[in-house]
Amino acid sequence: MKQRVGIEAMAVAVPRRYLAIEDLAVARGVEPAKYTVGLGAREMAVADPGEDTVALAATAAARLLRAYHIDTSKIGMLIVGTETGVDHSKPVASYVQGLLGLPRRMRTFDTQHACYGGTAAVMAASDWIASGSAGGGTALVICSDIARYGLQTAGEPTQGGGAVAMLISDQPEVLELDRGMSGVFSADVHDFWRPIGRREALVDGHYSIQCYLDALAGAYRMWRERAMGREIVRWGASLPSEQLARIAYHVPFCKMARKAHAHLRKSEIEDQAGGALDAAALAREEKLGATSYRDQTAPSLMLASRIGNTYTGSLYLGIASLLHAQGAELAGQRIGLFSYGSGCSSEFFSGVVGARAAEVMAQARLDAILDQRVRIDVREYEQIMSRPYDAPVSEGPGAFRFAGFEDNRRRYITSPLVD
Ligand code: HMG
């Protein structure tokens, strides 16, 4: 029998504060519609230095273990996908292992390739389980990041932060991954980078969008070839991409998902036609594409619109949003997924939604997590952004928090009970 593998359970952690995106637009003298319509943003998570990548990762993982009563003795691998780690040597995974008191009989490491680092972790864990090397064990994969471009930059309204923790196992209650069907695409490009020592990313914004779209077309074509080889999709009355019930994309800002979906469809129609589309075909596609976006992709955007970019966690927040909203109706259906990391590396893959996905996702309490947040104004946001990375805002018990350094710059994280 075929080895099943995929996501068994998911949990999320987000910073405690957020900024309404219109407030930021007004403060920057920008027409609010540029951010709300032009970028598709609504709210932006604001992490204070106490909510670092380790604290967010540990909080998400603690919620996962608690909500799903996970047997930690079976976890044989702990991987954190991140591009905003806290140390050049000691991985975030190692802190999380200690903070959660996880067993020592496990591999721990971080994976990095910009926003693709989370998918690198998911694939490494899945392949380990599918290969039989896990011996029936499970893997804890966490995507944790804080997206910072800095005040008054073009990237400012696309900041955010958060973590997604997932149990990867041979009981994929949430999503069973299609093994051996991934399409990949990578290239050495300078679209987004963060030199050692900088807190803020540097980005060639418009070029980064083009790099993302090129990677999407390349990765999707490879996925399609492999899926057609297995007769999972075919050319016919509907496009192969329309045979996927939903498609969730990496979402640096919500409008990017709309651009991605339009580009995927246009390149697919051109592949079918064997060349560029004429004006009439383009006009027809504009209408069809808008409906397809509304039905196939928009349902995965709730968390991204309220949190902003979470880098490695972005695609996985998309899966969580989608199954939170439509898990019951999607049970047994195949969805497509696109992960992009600047630099760049990308993967188009797919999976089948589990029969109990809606029930399992309800345990993640996504609405409650968003409702507990506090709205701040632009003055408070700017104060938080100007704090040195080792000066957390002092707060009472709640989630895990970075509290400062001990002797010889050993990192000190408070370990309160998680809400
Ligand atoms: P910008 O240059 O200030 O904005 O920054 P713009 O002039 O391109 O305008 C944005 C959109 O708003 C446009 O829509 C305008 O027309 C529209 P589009 O033409 O693109 O569809 N607009 C308006 N709409 C309604 N009413 C108005 C109005 N005014 C304008 N009044 C940019 C935009 C995305 C470049 C910037 O925010 C940025 O640099 N962001 C960061 C980079 C990024 O997110 N890149 C995405 C692809 S790369 C990626 O996804 C990887 C990443 O996650 C990192 C990783 O891998 O680790 C970033």
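From a predicted model like this one, the values you see are computed outputs, not experimental measurements.

Draft legend 1. Up close: the overall build of the protein chain. Looking only at helices and strands, the protein chain features 13 helices and 17 strands. On C-alpha atoms alone, the protein chain measures out to a radius of gyration of 21 Å, which is about the 22 Å that the 2.2 N^0.38 rule sets for 419 residues. Overall, the C-alpha framework of the protein chain stretches about 65 × 60 × 40 Å when taken along its three principal axes. Taking the intrachain contacts of the protein chain between residues at least 6 apart in sequence as the baseline, contacts between residues at least 24 apart amount to 75%. Of the roughly 17,400 Å² that the protein chain leaves accessible, carbon and sulfur atoms contribute 50%. Placing the 45 positive and 47 negative side-chain charges of the protein chain at their respective mean positions leaves the two points 2 Å apart.

Draft legend 2. How the structure looks around the pattern of salt bridges. With the rule as written, the count across this model stands at 21 salt bridges. We note a salt bridge from Arg28 to Glu156, for which the minimum N-O separation is 2.7 Å. On the criterion of sequence distance, the pair formed by Arg28 in the loop between helix H1 (21–27) and helix H2 (32–38) and Glu156 in the loop between strand S6 (138–147) and strand S7 (160–169) is long-range, its members being 128 residues apart. With a relative accessible area of 17%, Arg28 lands in the buried category. Among the ionic pairs, Glu359 bridges to Arg356, the shortest N-O distance being 3.0 Å. Assessed through its relative accessible area of 36%, Arg356 is described here as partly exposed.

Draft legend 3. Structural view of the site of the ligand. Around the ligand sit 28 residues, and of these Glu83, Cys115, His206, Lys255 and Lys259 come closest. One of the backbone N or O atoms of Ala154 is found 2.9 Å from an oxygen atom in the ligand. Here a nitrogen atom of the ligand and a side-chain polar atom of Ser208 are 2.8 Å apart. About the coverage of the ligand: the protein hides 75% of its 1,100 Å² of free accessible area. Of all the secondary structure elements, the ones that give two or more residues to the shell around the ligand are H2, helix H6 (205–229), helix H7 (254–273) and strand S13 (334–341). Here the residues of the shell around the ligand sort into 13 nonpolar, 10 polar and 5 charged.

Draft legend 4. Expanded view of the sheet that holds strand S15 (residues 374–376). Spatial strand order, S3-S2-S15: 3 strands in an open sheet with mixed pairing. Here the strands that pair on one side only, and so sit at the sheet edges, are strand S3 (43–46) and S15. Neighbour to neighbour, the strand axes of the sheet diverge by 40 degrees on average, direction disregarded. The pairing of strand S2 (residues 17–20) with S3 spans 4 bridges and is classified as antiparallel. Within S3, the position partnered with Leu19 by the bridge is Met44.

Draft legend 5. Fine view of the packing of aromatic side chains. For the coordinates displayed, the defined rule picks out 8 aromatic pairs. Between the aromatic rings of Tyr220 and Trp223, the centroid separation amounts to 5.8 Å while the plane-to-plane angle is 25 degrees, which identifies the pairing as stacked. A residue pair is termed a helical-turn pair when its members lie 3 or 4 positions apart in one helix, as Tyr220 and Trp223 do in helix H6 at 3 residues. Geometrically, the ring pair formed by Phe402 and Phe405 is edge-to-face, given 5.4 Å between the ring centres and 65 degrees between the ring planes. Residue Phe402 is classed as buried on the basis of its relative accessible area of 1%. Overall, the relative accessible area of 28% leaves Phe405 in the partly exposed class. Here a set of aromatic residues connected by ring pairs shows up, and it is made of Tyr149, Phe192 and Tyr311. Sitting over the face of the ring of Phe405, Arg409 holds its NZ or CZ atom 4.3 Å from the ring centroid.

Draft legend 6. Inspection of the nonpolar core at higher detail. Among the nonpolar cores identified, the biggest contains 83 residues, and Met10, Met166, Ile168 and Tyr316 are the most heavily contacted of them. Here the element with the most residues in this core is helix H3 (residues 53–67); it accounts for 10 residues. Among all residues touching Tyr316, those that are not within four sequence positions of it are Met10, Gly118, Thr119, Val122, Cys143, Val164, Met166 and Phe349. Of all hydrophobic cores here, the second largest spans 44 residues; its members include Ala41, Trp223, Phe253 and Leu264.

Thresholds, definitions, all that
- Residues numbered from 1 in each chain as written.
- Predicted model: local features only at pLDDT ≥ 70, side-chain atom pairs only at ≥ 80, totals over all residues.
- Heavy atoms only, no water.
- Helix = DSSP H or I, 4+ residues; strand = E, 2+ residues; numbered from the N terminus.
- Rg over C-alpha atoms; globule rule 2.2 N^0.38 Å.
- Contact = heavy atoms within 4.5 Å.
- Areas by Shrake-Rupley, 256 points an atom, 1.4 Å probe, with all protein chains shown as cover.
- Lys, Arg positive; Asp, Glu negative; His and termini not counted.
- Charge placed at Lys NZ, Arg CZ, Asp CG, Glu CD.
- Salt bridge = Lys/Arg side-chain N within 4 Å of Asp/Glu carboxyl O.
- Buried < 20%, exposed > 50% of the residue type's maximum accessible area, 1.4 Å probe, protein only.
- Near = heavy atom within 4 Å.
- Polar contact = N/O pair within 3.5 Å; in protein donor to acceptor, adjacent residues only side chain to side chain.
- Nonpolar A, V, L, I, M, F, W, Y, C, P; charged D, E, K, R; others polar.
- Pairing = 2+ DSSP bridges.
- Axes fitted to C-alpha atoms, helices over the stretch in contact; angles between N-to-C directions.
- Phe/Tyr/Trp six-rings, centres within 6.5 Å; stacked < 30°, edge-to-face > 60°.
- Lys NZ or Arg CZ within 6 Å of the ring centre and 35° of its normal.
- Core = buried A, V, L, I, M, F, W, Y, C linked by side-chain atoms within 4.5 Å.

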